[in-house]
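One-letter residues, chain by chain:
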Amino acid sequence: MSQSSPTARYRTETRLVHSGTLRSQFAETSEALFLTQGYVYDTAEQCEARFKGDDPGFIYSRYSNPTVAMFEQRMAELEGAEAARATATGMAAVTTAMLAPLKAGDHVVAAKALFGSCRYVVEDLLPRYGIESTLVDGLDLDQWRKAMRPNTKSCFIESPTNPTLDVLDIGGIAEIVHQAGARLIVDNVFATPIWQSPLALGADIVVYSATKHIDGQGRTLGGVILSSNAFVQEHLQTFIRQTGPSISPFNAWVLLKGLETLGVRVRQQTESAAAIADALASHPNVSRLIYPGRPDHPQAALVKKQMRAGSTLIGFEVKGGKAGAFRCLNALKLARISNNLGDAKSLVTHPATTTHQRLAPEVRAGLGIGEGFIRYSVGLEHKDDLIEDLAVALEKV
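Below: a short report on this structure. Counting restarts for each chain: residues are numbered from 1 in the order of the written sequence. Restriction of local features to residues with pLDDT of at least 70 applies here, the model being predicted, together with a cutoff of 80 or more for giving and counting side-chain atom pairs; totals for whole chains, interfaces and linings are based on all residues. To obtain the side-chain values, all non-hydrogen atoms of the structure were included, while hydrogens and water were left out.

Before going further, it helps to spend a moment on the environment of Trp 195. Secondary-structure assignment places Trp 195 in helix α8 (residues 192-195). In this structure Trp 195 comes out as buried when scored by relative accessible area, which is 10%. It is 23 Å that separates the C-alpha atoms of Trp 195 and Thr 87, two residues lying 108 residues apart in sequence. Going along the chain from the N terminus, every DSSP run of H or I of four or more residues is numbered as a helix, and every run of E of two or more is numbered as a strand. Note on classification: 1.4 Å probe, protein chains only; a residue is buried when its accessible area is under 20% of the maximum for its type, exposed when over 50%, partly exposed between these limits.

Pairing in this open sheet of 5 strands is mixed, and the strands run β8-β9-β12-β11-β10 from one edge to the other. Each end of this open sheet is capped by a strand with a single partner; those strands are β8 (286-290) and β10 (336-337). Strand pairing requires that DSSP identify at least two bridges connecting the strands. Relative to strand β12 (residues 373-377), strand β11 (residues 347-349) runs antiparallel, the two being bridged by 3 bridges. Residue pairing in the sheet places Thr 349 in a bridge with Arg 375 of β12. Packing against the sheet, helix α16 (residues 383-394) makes contact with β8, β9 (313-318) and β12, and its axis sits at approximately 15° to β9. Residues are treated as being in contact if the distance between any of their heavy atoms lies within 4.5 Å. Whenever a helix is involved, its axis is fitted only over the stretch in contact; in every case the axis is a line through C-alpha atoms, and angles between N-to-C directions fall within 0 to 180 degrees.

With that settled, the discussion passes to the pairing of strand β5 (residues 183-187). Counting buried residues along β5, 5 of its 5 residues qualify, which places the element largely inside the surrounding structure. Here β5 shows no split at all, with Arg 183, Ile 185 and Asp 187 on one side and Leu 184 and Val 186 on the other all buried. Note that strand β4 (residues 152-158) and β5 share 5 bridges and pair parallel. Paired with Glu 158 across the strands is Asp 187, a residue of β5. By definition, the crossover connecting two strands over a helix is right-handed if that path, from the first strand to the second, turns clockwise as seen with the strands pointing away from the viewer. For the crossover that starts at β4, traverses helix α7 (residues 170-179) and ends in the parallel β5, the hand is right-handed. Alignment of β5 against strand β6 (residues 205-209), held across 3 bridges, turns out to be parallel. Opposite Ile 185, over in β6, you have Ile 205 as the bridge partner.

A separate point is the environment of Glu 82. Relative to the elements of secondary structure, Glu 82 occurs in the loop between α3 (66-79) and β1 (83-87). Separated by 147 residues in sequence, Glu 82 and Asn 229 place their C-alpha atoms 5.6 Å apart. One polar contact links the side chain of Glu 82 to the main-chain amide nitrogen of Asn 229, over a distance of 2.8 Å. For this analysis, a polar contact is any N or O atom pair within 3.5 Å, provided that within protein one partner can donate a hydrogen and the other can accept it, and provided that sequence-adjacent residues contribute only side-chain to side-chain pairs.

Okay, empty space enclosed by the protein next. If a probe as big as a water molecule is rolled over the atoms, it shows which places are left empty. Buriedness for pockets is judged along seven lines, at least five of which must meet protein on both sides within 12 Å for an open set on the 1 Å grid over protein atoms alone, while cavities are sets there where a 1.4 Å probe fits but cannot get out, and lining residues have an atom within 4 Å of a point. Grid points are joined across faces, edges and corners, and a volume is the space filled by probe spheres set on the points. Applying the stated criterion across every chain yields a total of 2 cavities of 30 Å³ or more. Taken as a whole, the largest cavity holds about 110 Å³ of empty space. Looking at the largest cavity, the residues that line it are Ser 61, Arg 62, Tyr 63, Ser 64, Val 68, Glu 72, Arg 85, Ala 86, Gln 237, Ile 240, Ser 246 and Ile 247. Counting residues per element, the ones that place at least two in the lining of the largest cavity are α3, β1 and α10 (229-243). Its boundaries defined by the atoms lining it, the second largest cavity holds a volume of some 40 Å³. If you trace the second largest cavity, you find it lined by Val 189, Thr 192, Pro 193, Tyr 208, Ser 209, Lys 212, His 213 and Ile 214. For the lining of the second largest cavity, the secondary-structure elements that each account for two or more residues are α8 and β6.

Each Phe, Tyr or Trp ring (for Trp, its six-membered ring) is paired with any other whose centre lies within 6.5 Å, and the angle between the two planes then decides the class: stacked below 30 degrees, edge-to-face above 60, tilted in between. This structure, assessed with the given rule, holds 3 aromatic pairs. Summarising the aromatic geometry, the rings of Tyr 60 and Tyr 63 are spaced 6.4 Å apart at their centres and angled 50° between planes, so their arrangement reads as tilted. On the basis of relative accessibility, which here comes to 37%, the residue Tyr 60 falls in the partly exposed class.

Encoded structure:
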């Protein structure tokens, strides 16, 4: 992030509205949507200079576009990063951040508690290209130390984790990773940039599925990678240009508009999530509740140290296993069954049969994903309506 940016000195809410804006000659209020594949040049000499990098400007929208650039700059200023690169989806961001700097013979360490598709990248995809991987209990710093090898190049975590909302020690893990000469990638989706800043805690790279809170209204797909200028120039720029995991200008524009309301949405959703978690904690049909904002969270002290508030997500286990969970989900009227999260509408997920179904039952059990476990993404409805909706549904368990 350039410190000369005119909006860099402002607070988060202001940057969410103004950062990165590029106005055309028409001086539009809203950010312009540049739906163009390519660009024209005044002369052949200018075209040559543009491709050589001697003349600044846009060349082709697969890897550079004014609307996409606005989204990237706004995200970089929000995250406190030197640079950002947007991608077509969150998994494109994860896969690009992982693959771009690696080669055969390298080694990756990742926490076991990951979204199912992220586990696939680490466990199945990377080894196909001669990149070894090791999974560890992300909460155990000794396991991180023991897993490091001379050829370890990248490490990957989520915090809070999907779906059990464990909070990993980003600073502690980063110290171990850096001592080994590797880089730490953090998926910050569950915390959002509003409540957690992994780069400030020691991470090297942050990834988001912008599909979630950044859009926040169920409209579009997108992802973003945030890091140093050096990482972008050395590893991402050519990879994205040549392989094309690119975001469309239209989707980048939608995400820009989503960023304008990110702060107010996440604050309201987090306030409601805390109230719902308190209501669930004493319900007789709930056998386990996990919410990062509560004092009974397993890593409550770390949450206070590392995060500015809790989360918009709640995890809870109902009695009766899968059948009990299905009865609860089917009885809900406001929260709708979906595998998405971070939406204006409350969404509920049964991870064992959806987002984490590819994992063996014993692996899911080891991660705390029981057959009765439900992930609840709190929306913008009135919290009392959501609590009443859950109370009725839980009676069906």
